[in-house]
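Coordinates in review
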Amino acid sequence: MSGDGDRNIIRVLLVDDEEDYRSVLHKRLSGRSISVVEAATGQAALDQLSVAPVDVVVMDVKMPGMDGVQTLKCIKDRYPELEVILLTGHANPQDGVEGIKMGAFDYLSKPIEIEQLVRKIRQADEKIVRARVEKEEAAFRERIKQQMVIAERLAALGTMATGVAHEINNPLAIIQESAGWLQQILGKPELRDIPRKADFEKALNRIGKAVHRARNITRQLLQAVHTQSTDLTEPVEMVAVDLQSLARESISLVEQEAQQKQIAIRLDIVEPLPVVWSEPYPLLQVLINLMTNAIHATGAGGTITLRLEGTDDRARITVLDTGCGISEEHLPRIFEPFFTTKGVGQGTGMGLYVSWGIIQKLGGTISVNSQVNQGSTFTITLPVKE
Amino acid sequence: MFKTPSYIMLVDDEEDFVEMLSLRLKEIDENVIPVYSGEACLEKLKEQDVDVVILDVKMPGMDGIETLQEIKKQFPLLEVIMLTGHGTIEAAVQGMKLGAFDFLFKPADFDDLTAKLNQARQRKQDQMERIKKAEAAMLLRSAKI
Ligand SMILES: Nc1ncnc2c1ncn2[C@@H]1O[C@H](COP(=O)(O)OP(=O)(O)OP(=O)(O)O)[C@@H](O)[C@H]1O
Ligand SMILES: [Mg+2]
């Protein structure tokens, strides 16, 4: 699809089997903010389109081989956003009507009045631009909607998870104290020589370890929700944050792990950087979480880029990796608490959930883009200091 | 000078927890008085001399913070260690502002608990010591006059 570069120039593909006619039209269209490429047959037109995109096709209906209507059908199948203007013989206006039915923008009968053709080309181009803007707007609305759906889901999951964590903590404490008591008793001199003492100790040790693990999970959960709660009794400590030094700090903290895996970390700063209005410590935690994930996902020789830049009214932080990517099936779930693809002891699936909570609380957004085997991009936007 | 035995009061509505932690503390020769509510804690304190109270924040009825306020009003020298969940860290902070000696996350490490317990007891003893000295000084002065 076209759309990049200079939208003032409309790119036109002119398809006609009569070479003289083509070159006359070509000459007369040029220099009117229209650039023209030519094709002599329907097949040539399709070949041309596959190498260089255009905006509008102007095409004769009557051509040997594949005629204009057939070609139109192929073009519309392959490039639905292209607009096609048909040129029909004076005696056969029904060809044009047929073409419109099949998706042509309009038709003009030969002989062509050049001003009229230019006008039609401009109208066709306007339609393309309009459609593109509408599509972008729809995509934007869809993204916002998705964010809201995710936010609601996560909030509900969070409420439930903390409820569970609270309730589990008391029985956990009882298990811990009971096992601890037994351990104390086993340590008494009068029990020094009891049979199978080592077995008791082993079992109690395992209980202790398991309690410890469970305790870590409930702790992370309760902390995560704690950072999200917009409790007014404890106002957020917003200060002006220097993104650049924060980014350097986060890099220095994960650098060693990256080096061991032979992954390069790049810091990419697009000046001028806005001053962010935020809480430095939680923000640092988010950066570390994202960078750590990126390191885990990336193999030797890969690169992780941390980019800082300003947009119109926000600051944007991007963490980009060249790692394994995230499958479409997993993508909607990665921000959920406990969602992990890592093994036992490698990850608890809390990193992104916690990060999401922090960014919400800081008044920002966090989103992800990923291609399997290509890499992932996490994007954060944050409010800036006025 | 002789040493008076030291008492710890453990306040939590989870009876099994109180029982088990009491057993552990007794195992290291502490005297523990278990109670199961804020109200019972205040009631018991009237008749029993205690050095340190270990107090759960989340309890039905009178909660940990209310109990703490009442303790500090009636027994200002008593040291209080708060037990809190991670979701209620604000309560811990509030407790510290209201004069709690320290706080612990629940479930707490036993070693952490005993360490804080000893520190709290030490502080109380130091306070008592200073008060005694001050009283003695006052007595001496009045005797001179
Ligand atoms: N940069 C990335 N590339 C590929 N997959 C990722 C990336 N970041 C996150 N993921 C996927 O999302 C999952 C959840 O990430 P999250 O940080 O929440 O948890 P975790 O890293 O598995 O565990 P924890 O962060 O608690 O140690 C990961 O297990 C992984 O599958
Ligand atoms: Mg992680």
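An unreviewed UniProt entry annotates chain B as Response regulator of Desulfatitalea alkaliphila.

Per an unreviewed UniProt entry, the recorded name for chain A is histidine kinase, and the organism is Desulfatitalea alkaliphila. The Catalytic activity (unreviewed entry) field of the UniProt record for chain A holds the comment "ATP + protein L-histidine = ADP + protein N-phospho-L-histidine."

Time to look at the side chain of T298(A). Residues and elements named next belong to chain A. Note that T298 resides in the loop between α8 (280-297) and β9 (303-310). From its side chain, T298 meets the backbone oxygen of A294 in a polar contact 2.6 Å long. Beyond its immediate chain neighbours, meaning those up to four positions away, T298 contacts K261, I263, T303, I304, D321, T322 and G323.

With that settled, consider the confidence of the model for chain A. Caution applies to low-pLDDT parts of the model: their predicted coordinates are not meant to be read in detail. Residues and elements named next belong to chain A. Of the residues in chain A, 95% reach a pLDDT of 70 or more, and the chain-wide mean stands at 89. Counted against residues more than four places away or in other chains, residues 1-6, with its pLDDT under 50, gives eleven contacts. When the criterion is pLDDT under 50, residues 230-234 qualifies, and its contacts beyond four places in sequence or with other chains add up to three contacts.

To continue, consider the pairing of strand β12 (residues 375-383) of chain A. Residues and elements named next belong to chain A. In terms of burial, β12 is a largely internal element, seven of the nine residues being buried. The pairing of strand β10 (residues 314-321) with β12 spans seven bridges and is antiparallel. By the bridge assignment, A315 is partnered in β12 with L382. Between the end of strand β11 (residues 365-371) and the start of β12, which pair antiparallel, lie three residues, with N373 showing a positive phi angle near 70°.

This paragraph deals with the UniProt feature "modified residue: 4-aspartylphosphate" (unreviewed entry) in chain B. All names here are of chain B. Residues annotated by UniProt as "modified residue: 4-aspartylphosphate" (unreviewed entry) correspond here to D56. The class of D56 is buried, set by a relative accessible area of 5%. Apart from residues no more than four positions distant in its own chain, D56 is found in contact with V11, D12, D13, G64, L83 and K106.

With that settled, consider the sheet that holds β12(A). In sheet architecture, strand pairing relies on hydrogen bonds along the backbone and comes in two forms, parallel and antiparallel. All names here are of chain A. Read from one edge of the open sheet, five strands run β7-β9-β10-β12-β11, paired in mixed fashion. On the outer flanks of this sheet lie β7 (264-269) and β11, each paired with one strand and no other. For this sheet, the mean inter-axis angle between neighbouring strands, taken without regard to orientation, is 15°. Where β9 lies against β10, seven bridges are found, and the strand directions are antiparallel. Counted as the bridge partner of R307 is T318 from β10. Strands β7, β9 and β10 of the sheet are contacted by helix α7 (residues 243-260), whose axis makes an angle of about 170° with β7.

All chains considered together, the criterion is met by three aromatic pairs over all chains. For the ring pair F335(A) and F378(A), a centre distance of 6.5 Å and an interplane angle of 75° mean the geometry is edge-to-face. Here F378(A) lies in strand β12 and F335(A) lies in the loop between β10 and α9 (351-361), a separation of 43 residues in the sequence. Classification of F335(A) as buried rests on a relative accessible area of 6%. We classify F378(A) as buried; its relative accessible area is 7%. Between Y353(A) and W356(A) the ring centres are 6.4 Å apart and the planes differ by 15°, which places this aromatic pair in the stacked class. Linking Y353(A) with W356(A), this pair stays in helix α9, spanning three residues, or about one helical turn. A cation over a ring is seen here: R24(B) above F110(B), with NZ or CZ 3.9 Å from the ring centre.

Right, let's talk about the sheet that holds strand β3 (residues 56-60) of chain A for a bit. Residue and element names in this part refer to chain A. Taken together, the five strands give an open sheet; going across it, the order is β2-β1-β3-β4-β5, and neighbouring strands pair in parallel fashion. Pairing within the sheet leaves two strands with one partner each, and these edge strands are β2 (34-39) and β5 (106-109). Direction aside, neighbouring strands of the sheet carry axes that sit 20° apart on average. Relative to β5, strand β4 (residues 83-88) runs parallel, the two being bridged by four bridges. Bridge pairing in β5 places L87 opposite L108.

We now examine the interface of chain A and chain B. With 21 residues of chain A at the contact, the number on the chain B side is 19 residues. Taking both partners together, chain A and chain B bury about 2000 Å²; carbon and sulfur atoms supply 58% of that area. Considering only the side of chain A, the residues that lose the most area to chain B are E177(A), W181(A) and Q184(A), jointly responsible for 29% of the buried surface there. Run the count over chain A and chain B and you get three salt bridges. Of the charged contacts in the structure, one is a salt bridge between E27(B) and K188(A), with a shortest N-O distance of 3.4 Å. The interface formed by chain A and chain B includes eight residue pairs in polar contact (both at pLDDT 80 or more). Elements with a contribution of two residues or more to the side of chain A that touches chain B: α5 (114-186) and α6 (197-228) of chain A. Counting residues per element, the side of chain A that touches chain B draws most heavily on α5(A), which supplies 13 residues. Of the residues in the side of chain A that touches chain B, the class split is six nonpolar, nine polar and six charged.

This next bit is on a negative patch on the surface. Residues and elements named next belong to chain A. A surface patch of negative charge is lined by D17, E18, E19 and D20. Relative to the assigned elements, E18 resides in the loop between β1 (10-15) and α1 (19-29). For E18, a relative accessible area of 44% corresponds to the partly exposed category.

Basis of the calculations
- Residues numbered from 1 in each chain as written.
- Chains lettered and ligands numbered in written order.
- Predicted model: local features only at pLDDT ≥ 70, side-chain atom pairs only at ≥ 80, totals over all residues.
- Heavy atoms only, no water.
- UniProt positions renumbered as here; feature names shortened; annotations may be inferred.
- Helix = DSSP H or I, 4+ residues; strand = E, 2+ residues; numbered from the N terminus.
- Polar contact = N/O pair within 3.5 Å; in protein donor to acceptor, adjacent residues only side chain to side chain.
- Contact = heavy atoms within 4.5 Å.
- pLDDT = per-residue confidence, 0-100.
- Buried < 20%, exposed > 50% of the residue type's maximum accessible area, 1.4 Å probe, protein only.
- Pairing = 2+ DSSP bridges.
- Axes fitted to C-alpha atoms, helices over the stretch in contact; angles between N-to-C directions.
- Phe/Tyr/Trp six-rings, centres within 6.5 Å; stacked < 30°, edge-to-face > 60°.
- Lys NZ or Arg CZ within 6 Å of the ring centre and 35° of its normal.
- Buried area = accessible area lost by both parts, 1.4 Å probe.
- Salt bridge = Lys/Arg side-chain N within 4 Å of Asp/Glu carboxyl O.
- Nonpolar A, V, L, I, M, F, W, Y, C, P; charged D, E, K, R; others polar.
- Patch = residues over 30% accessible without salt bridge, like charges linked within 9 Å, V, L, I, M, F, W, Y side chains within 5 Å.
- Areas by Shrake-Rupley, 256 points an atom, 1.4 Å probe, with all protein chains shown as cover.
- Lys, Arg positive; Asp, Glu negative; His and termini not counted.
- Charge placed at Lys NZ, Arg CZ, Asp CG, Glu CD.

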